[in-house]
Structure formats: structure tokens, C-alpha cells
Amino acid sequence: MRPDQIQPEHYTAQLQTKQDSLLELMADLDMPELEVFESAPSHYRMRAEFRIWHDGDDLFYAMFDSADPRTPIRVDQFLAASTLINELMPKLLDAIRDIPVLRYKLFQVDFLTTTTGEALISMLYHKPIDDEWHQAAVELNELFPACHFIGRSRKRKQILTRDFVMETLTVQGRKYHYQQVENSFTQPNAGISEKMLEWALDVTKGCSGDLLEMYCGNGNFSIPLARRFDRVIGTEIAKVSVNSASLNVAMNGVSNVQVVKMASEDVSDALNGDGVLPKALVQAGMDTLNPSAVLVDPPRAGLDDGTVELVRKIDQILYISCNPETLKNNVDALSTTHKVTRFAMFDQFPYTHHVEAGVFLERR
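Residues numbered from 1 in each chain as written. Predicted model: local features only at pLDDT ≥ 70, side-chain atom pairs only at ≥ 80, totals over all residues. Heavy atoms only, no water.

Looking at the side chain of D347
Quick note on the threshold: Secondary structure elements are defined from DSSP: runs of H or I of at least 4 residues count as helices, runs of E of at least 2 residues count as strands, and each element is numbered from the N terminus. Any N or O atom pair separated by 3.5 Å or less is treated as a polar contact, with the protein-specific requirement of one donor-capable and one acceptor-capable atom, and with residues adjacent in sequence counted only for side-chain atom pairs. When checking whether two residues touch, look at their non-hydrogen atoms; a contact exists if any pair is within 4.5 Å.
You can see D347 is positioned in the loop between β16 (338–346) and β17 (356–363). Side chain to side chain, D347 and K18 meet in a polar contact 2.6 Å long. With residues up to four places along the chain from it excluded, the contact list for D347 reads Y11, Q14, L15, K18, F37, E38, S39, N189 and I192.

Below you can see the structure in the form of C-alpha cells.
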């Protein structure tokens, strides 16, 4: 997304275009009225990545258009990024401009921020980072006391303080705390993330019993939804996310959530089969779990056939999707057994064609 595509004065119109496109895509399915959750029109992204362009004595943040990938687009401010990222952008370049060991061969800077004022700054280099870099970075960090710095070069990573931030989201008046680790998946739009969690709590307010959650990430949905259910078992393949989820569960004082490191396809195969459950699932209590509801938040490819067959066996399905086309295919496959009773669009990525959607299905 180019900086000039971010036009808050046109936000309402672009949101309507997305809404119309989603409704057109789903037109041949039996869908309820669409609930639309809009984003803040600016400063909504809590993370951003920029290339660093060197031009003689000058250096600046740059982005590239896919139609002209060789020509840098100078970015002094980025309206999509959080206010804190925009504050840090010029300050960081000013601080390293005259320090050769910090600016030489620096080719990318990644920012990860929170609604509570924390920032993680990753500096990526086309050169080995060494003790000299580390000492200069320590002095740099003293100028940014609320920030955590990481240096990266090929096969090397130096963490000055820590490689994560702590985010706090407010959902239906309650505060939930999450560890968010560098380079692990987190929802980029904190405001929309809060709205997604509130919607999930609203659609499940009549639920009870046990919840099976697949693709649980760092526990973003698991922790608020724990108050709706007797037990929650979440599965996730990424080790970093599993570790964060376990930490977040404990940090939020939740006692009825268990997270298992396992791919969704393997979970589906195990639960669809008649064989002995894998040890990890038994240790998590999956052998005694009797899910009345399932939550899936898959990648763009959607649910594989095995997972579709698994969730078909469960009365209530909460499906969060980052790809409406695969969502449509999966909903169509489930339509013989389930009916969509809630349907939502979350504008996670304004000024792009990407749409986040949610459906709640109940057994017919």
C-alpha cells in the first residue's frame, strides 16, 4: 500500500465498496444481514515495515510499488501507522544518521507498537552485527527508554532488552493482556481486534460447555472466550505463539484454557479417526473434551477437507476469515448441516482490497 493511497476523506466510500463486494460474493448463499465494523481512518496499524534507502549522506524510509519495484517511494510519515510509529520514525533516523556502525548497511526497520505506548524496533542489516554495533545500540536505546531494540543480520540476532511488547486490549469493559513477540502473528489493527473480540463474545453469549479452538495463535480469542465455556482447548502449530498463548493465559488469570502445539490438519486427522489420540492431545484433556462449539481462524487457504468434516460434527461454529473466497467455499460445504446466523465484516486493512469476515453457524 502506497502512502498516497491512504486518504481518510475517502474512507467511508472505500468501506462501502468493500461491503458491496463481500455481499456480491456471498449473494448465492443464505446469509443474514451483514454487520459492518469500521476501522479508524488513520493511525490504525500497530506495526509497520520500511526499507531504508541510502542516498549519499541522506537516508530515508522507503516503500515500493509492485508496478515499479525498483523506484523507492520516500516515506517520511505513514498515515496508516500508529501515532507512536510516526513519532519514532524521524527520531530514529536522526539518532543514527551520524553513527556509521548503526547506519551502514542498514536496509530495513520494523516497528511493533502497542496501545499502551510500548515499541519494539528491529533493525536489519546486510552486514554482520558485532560487539561494536551492540555497544552503539545500547547507547541508542538510552535515547528511547520506552523502546526495545533488536539487531538482525544473517544468522544472527541481538536482543538488547527483550523481543516482545505487552499489549492491552479492552473488550466489553474488561482489560486483557497479551505478549506479542517480534515476527510472530498478531492482529495489526488493535481497534478492529477489540471489535472482533466483542463480536465473538456477543455471538457466543448463549453458548456453554466446551470449546475447541483451532489456529489459536497467542490466545487472542481464547482468553476472552474462556468466560463463556467450561473448558477451552486451543491448538496452534507455531512454537512461539504456543509459548505466548500459555504465558497470556496465566497472565490473565484464566484457569480453563489449555494450548497444544499441533497442526490443525493433524488435529482433524486424530479427531476424525478411530485410532488412539496423540499423547499431546491426551495430556491436554482432548480425550474427555465434548465440544459444543468450535472456533477456527485459518490462514488464507481456509479449512482443509478434514477440518471441514471435523467442525461439521460440532453444533456451533465460529469462523473468522481473512479470505472471503475460501470462507464462501467452506460455508457452502457446511450448509447441508449448518446455517449462518451471524455475519460480520471487519475492516482490518483499510485502503486495501483485503477483508476480514466472521460467521457464526448453528446446526440446522
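Moving on from the coordinates now.
Details of the sheet that holds strand β14 (residues 291–296)
Filter applied, for reference: Two strands qualify as a pair provided that DSSP identifies no fewer than 2 bridges between them. Think of each axis as a best-fit line through the C-alpha atoms, taken over the contacting stretch in the case of a helix, with angles from 0 to 180 degrees between the N-to-C directions.
One open sheet holds the 8 strands; their spatial order is β1-β16-β17-β15-β14-β11-β12-β13, and the pairing between them is mixed. Strand pairing shows two members of the sheet lacking a second neighbour, β1 (34–37) and β13 (257–261), which therefore form its edges. Direction aside, neighbouring strands of the sheet carry axes that sit 15° apart on average. Across 6 bridges, strand β15 (residues 316–321) lies against β17 in antiparallel orientation. Looking across to β17, one finds that I320 is bridged to G358. Contacts from helix α7 (residues 239–251) reach β12 (231–236) and β13 within the one sheet, and its direction differs from that of β13 by about 165°. Running over the sheet, helix α11 (residues 324–334) touches β15, β16 and β17 and is turned about 165° from β15.

A short note on the domain arrangement of the chain
Condition: Segmentation of the chain into domains, including their bounds, is taken from an automatic or database domain assignment. Note on definitions: buried area is the accessible-area loss of two parts on being combined, 1.4 Å probe, summed for both. Only one rule defines a salt bridge in this text: a Lys or Arg side-chain nitrogen within 4 Å of an Asp or Glu carboxyl oxygen. Amino acids outside the nonpolar list (Ala, Val, Leu, Ile, Met, Phe, Trp, Tyr, Cys, Pro) and the charged list (Asp, Glu, Lys, Arg) are all regarded as polar, and Gly is one of them.
Taken domain by domain, the chain consists of domain 1 (3–42 + 187–363) and domain 2 (47–165). Here domain 1 and domain 2 have C-alpha centroids that lie 33 Å from each other. When domain 1 packs against domain 2, the two sides together hide about 620 Å² of surface, and 78% of this comes from carbon and sulfur. Together, P3, I6 and P188 form the three largest contributors to the area buried by domain 1 at its contact with domain 2, with a combined 67%. Along the contact surface separating domain 1 from domain 2 lie 0 salt bridges. Applying the counting rule to domain 1 against domain 2 returns 0 residue pairs in polar contact (both at pLDDT 80 or more). When the residues that make up the side of domain 1 that touches domain 2 are grouped by side-chain class, the tally is 5 nonpolar, 2 polar and no charged.

Considerations on the sheet that holds strand β3 (residues 58–65)
Strand order in the open sheet formed by 7 strands is β4-β3-β2-β5-β6-β7-β8, and the pairing between neighbours is mixed. Two strands lie at the open edges of the sheet, namely β4 (68–74) and β8 (156–159), each paired on one side alone. Across the sheet, the axes of successive neighbouring strands diverge by a mean angle of 30°, strand direction being ignored. Two strands pair when backbone bridges link them, and strand β6 (residues 119–125) and strand β7 (residues 147–153) are joined in this way by 6 bridges, in the parallel orientation. Paired with M123 across the strands is G151, a residue of β7. The strands that helix α4 (residues 131–143) touches are β6, β7 and β8; relative to β7, the one it contacts most, it runs at about 160°.

Considering unusual backbone geometry
Excluding glycine, residues mostly carry a negative phi; peptide bonds, for their part, are mostly trans. Located in the positive-phi region is N183, a residue other than glycine, with phi close to 65°. As for its placement among the helices and strands, N183 is situated in the loop between β10 (174–181) and α5 (190–203). With a phi angle near 65°, Y351 is a residue other than glycine that sits in the positive phi range. Looking at the secondary structure, you find Y351 in the loop between β16 and β17.

Focus on the environment of K239
Test applied: Under the scheme applied here, a residue whose accessible area is under 20% of the maximum for its type counts as buried, over 50% as exposed, and between as partly exposed, the area being computed with a 1.4 Å probe on protein chains only.
As for its placement among the helices and strands, K239 is situated in helix α7. The exposure class assigned to K239 is exposed, which follows from its relative accessible area of 57%. Residues K239 and L79, 160 residues apart in the sequence, show an inter-C-alpha distance of 33 Å.

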